[in-house]
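# Reading the structure
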Amino acid sequence: MTETDDDVYAIHAVKYAHHDRPAYENFIGADPHDNANMPLDYFVWAVVGRNRTFVLDTGFDAAIAKKRGRKLICTPAEGLARIGVQADQVQDVVLSHMHYDHAGNTDMFPAARYHLQDREMAYCTGRCMCHQVLRVPFEPADVQAMVGRVFDGRAKFHDGSSDLAPGISLHHVGGHSLGLQVMRVKTRRGHVVLASDATHLYANFQQRRPFPIVADVAQMLEGYDTLHRLASSPDHIIPGHDPAVLDRYPASAPGLEGQAVRLDADPRV
């Protein structure tokens, strides 16, 4: 990053949790006999500029980890602190969507304004939540906290595509959740797309095999095309839960191998 590149950012993927699961649970129509372990990692992302830092998603806490059967490795705040980002000083948090693993830890970012798609707020507070199968990925306390932020003046809504800051834009994709948005970031290696759950794993978008937690399958499939349009190359698409991300990119700092990696660096493999 040079002194004049105010619209060029460093990006860190910070792992905070893990979940072992069979491969067939990661794809619609998968062979139920495919019991090979295909785990999910859980991340928050820090987008660090010369004058401003953004955090994408806020993770879950120990109580939700226990309730959902996930392994919490550290709190997102602890993980962010390892790369020099203090959660209580972050001014802008982007929520890709309101599922429990992306919108928890409601008190962790007390100074932040939260950025969310109109459609996601309507989805998680509207008639769709009358259906148990659709509301399973949501935690009521997270939704209630977002309503509180609206009335506290700490919510900023986006409709479709919008510029968040020079070099950063948000884009509605839907699919996994009806208001899911992805984040496009200008870096020293080109435009990186933080896909979050638009594609959980590399295999989802590379093989066009949708993840089974989905509100609209057609939107999810179209979303894969959107990721390709937004990213400088397929290597610039970052899935939301793939452990391979930690292998493909260099550590954010010595000693952080397997904990935090730099996504603005060229992939190693």
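Below is a short write-up of the structure. For every chain, the first residue of the written sequence is number 1, and numbering continues from 1 onward in sequence order. Thresholds applied to this predicted model are a pLDDT of at least 70 for local features of residues and 80 or more for the giving and counting of side-chain atom pairs; totals over whole chains, interfaces and linings are not thresholded and use all residues. Neither water nor hydrogens contribute to the side-chain values; these are computed over all heavy atoms in the structure.

### Here's the deal with a nonpolar patch on the surface
Note that patches include only residues with greater than 30% relative accessible area and no salt bridge, and the join distances are 9 Å for like charges and 5 Å for nonpolar side chains (Val, Leu, Ile, Met, Phe, Trp, Tyr). Method for areas: the Shrake-Rupley scheme with a 1.4 Å probe, in which residue coverage is limited to the protein chains shown. Think of a salt bridge as a Lys or Arg side-chain nitrogen and an Asp or Glu carboxyl oxygen that are within 4 Å of each other. Together, V147, V150 and F151 give the surface a local cluster of nonpolar side chains, amounting to about 280 Å² of exposed area. Under the scheme used here, helices are H or I runs from DSSP no shorter than 4 residues and strands are E runs no shorter than 2 residues, and both carry numbers assigned from the N terminus. Looking at where V147 falls in the secondary structure, it is placed in helix α5 (residues 140-151).

### Brief notes about the layout of surface pockets
Using a grid of 1 Å spacing that covers the protein atoms alone, one calls a set of points a cavity when a 1.4 Å probe fits there but cannot get out, and a pocket when the set is open and has protein on both sides within 12 Å along at least five of seven lines; lining residues are those with an atom within 4 Å of a point. Grid points are joined across faces, edges and corners, and a volume is the space filled by probe spheres set on the points. Looking at the largest pocket, its volume works out to about 380 Å³. Lining the largest pocket are 23 residues, and of these H99, P137, H176, F211 and I213 lie nearest its centre. Note on residue categories: nonpolar means Ala, Val, Leu, Ile, Met, Phe, Trp, Tyr, Cys or Pro, charged means Asp, Glu, Lys or Arg, and polar means any other residue, Gly included. Per-class residue counts for the lining of the largest pocket are 13 nonpolar, 4 polar and 6 charged.

### Some details on the packing of aromatic side chains
Aromatic pairs are defined between Phe, Tyr and Trp rings, using the six-membered ring for Trp, whenever the two ring centres lie within 6.5 Å; interplanar angles under 30 degrees are classed as stacked, those over 60 as edge-to-face, and all others as tilted. In this structure the tally under the stated criterion is 8 aromatic pairs. Look at Y9 and F54: their rings are 6.4 Å apart centre to centre, the planes differ by 70°, and that puts the pair in the edge-to-face class. Of this pair, Y9 sits in the segment before β1 (10-19) while F54 sits in strand β3 (residues 53-56), placing them 45 residues apart in sequence. No difference in accessibility class separates Y9 from F54, as the two residues are buried. Ring plane angle 75° and centroid distance 5.4 Å describe the contact between Y42 and F60, whose orientation is recorded as edge-to-face. Taken together, the residues Y42 in strand β2 (residues 40-48) and F60 in the loop between β3 and α1 (62-68) connect sequence positions 18 residues apart. The classification of residues rests on relative accessible area computed with a 1.4 Å probe and restricted to protein chains. Under 20% of the type maximum is buried, over 50% is exposed, and intermediate values are partly exposed.

### Topic: α5
A helix is expected to reach a length of 1.5 Å times the quantity of its residues less one. Between its first and last C-alpha atoms α5 spans 17 Å; for 12 residues at 1.5 Å apiece the expected length is 16 Å, and the two agree. Turning to α5, its buried residues number three or more, namely D142, V143, M146 and R149. End-on, the buried residues of α5 take up no more than an arc of 115°, which puts them together on one face. Facing away from the buried side of α5 by over 90 degrees, the exposed positions are P140, Q144 and F151. Along the arc lie the directions from the helix axis toward the C-beta atoms.

### Quick look at the side chain of S169
Residue position: S169 is located in strand β9 (residues 168-172). In terms of polar contacts, S169 uses its side chain to reach the side chain of H171, at 2.7 Å. Contact partners of S169, with chain neighbours within four places excluded, come to S162, D163, L164, V182, M183 and R184. Any pair of nitrogen or oxygen atoms within 3.5 Å is treated as a polar contact; in protein, a donor-acceptor pairing is required on top of that, and neighbouring residues in sequence qualify only through side-chain atoms on both sides. Any two residues whose heavy atoms approach within 4.5 Å at even a single point are treated as in contact.

### As for the nonpolar core
Among buried residues, those of type Ala, Val, Leu, Ile, Met, Phe, Trp, Tyr and Cys that are joined through side-chain atoms within 4.5 Å constitute a nonpolar core. Ranked by size, the top nonpolar core spans 78 residues in total, and within it F109, M183, L194 and L263 carry the most contacts. Take this core: its biggest share by element is 7 residues, from β2. Setting aside chain neighbours within four positions, we find L263 in contact with I11, A13, W45, R189, V192, L194, I238, V245 and Y249.

### What to know about the sheet that holds strand β8 (residues 161-165)
Paired strands, as defined in this entry, are two strands with at least two bridges between them according to DSSP. Taken in spatial order, the 5 strands make up an open sheet running β8-β9-β10-β11-β12, and their pairing is mixed. Each edge of the sheet is formed by a strand with only one pairing partner; in this case those strands are β8 and β12 (237-239). For this sheet, the mean inter-axis angle between neighbouring strands, taken without regard to orientation, is 25°. Where β9 lies against strand β10 (residues 181-187), 5 bridges are found, and the strand directions are antiparallel. Here an axis means a line fitted to C-alpha atoms, over the contact stretch when the element is a helix, while the angle between two N-to-C directions is reported on a 0 to 180 degree scale.

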